[in-house]
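Per-entry structural report
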Amino acid sequence: MAKTKRGRVLWNLPSRGRGTCPVCSSTRIKLLYSQTKTDGTSMKVCKKCSKAVQSRVDKVTV
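Residues numbered from 1 in each chain as written. Predicted model: local features only at pLDDT ≥ 70, side-chain atom pairs only at ≥ 80, totals over all residues. Heavy atoms only, no water.

**A few points about the overall build of the protein**
So the rule is basically this: Put simply, DSSP marks the helices as runs of H or I at least four residues long and the strands as runs of E at least two long, and each gets a number from the N terminus on. For a compact globule the rule gives 2.2 Å times the number of residues to the power 0.38, and the radius of gyration it is set against comes from C-alpha atoms. Residue exposure (1.4 Å probe, protein chains only): buried if accessible area is under 20% of the type maximum, exposed if over 50%, otherwise partly exposed.
Across its full length, the protein holds one helix and four strands. Ordered by position in the sequence, the α and β elements of the protein form the string β-β-β-β-α. For the protein, whose C-alpha radius of gyration is 13 Å, the value lies well above the compact-globule estimate of 11 Å for 62 residues. Counting only C-alpha atoms, the protein reaches 45 × 20 × 20 Å along its principal axes. Within the span of the protein, comprising 62 residues, buried residues form 26% of the whole.

**Here's the deal with the side chain of Gln35**
Rules: Polar contacts here mean pairs of N or O atoms no more than 3.5 Å apart (in protein, one a potential hydrogen donor and the other a potential acceptor; neighbouring residues in sequence count only if both atoms are side-chain atoms). Note on definitions: a residue-residue contact is assigned when non-hydrogen atoms from the two residues lie within 4.5 Å.
Tracing the chain through its elements places Gln35 in strand E3 (residues 33-36). At 3.2 Å, the side chain of Gln35 forms a polar contact with the backbone oxygen of Ser50. With near-sequence residues (within four places) excluded, Gln35 lies in contact with Thr41, Ser42, Met43, Val45, Cys49, Ser50, Ala52 and Val57.

From the geometry alone we can't say anything about function, so treat these as descriptive.
Set out below in structure tokens:
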């Protein structure tokens, strides 16, 4: 049986959940993972950068 609901949540997000990753600067990539900086601000990053070291995440200026 087909899974018709798979990915349906992305349709409600702006640009279908895609954008430019603030950590690695990849364009038109899905930003689905939350990453928190040491100062407490949260941002959405791509799958590759969800496992990035904290020092690399802290360098981002948004």
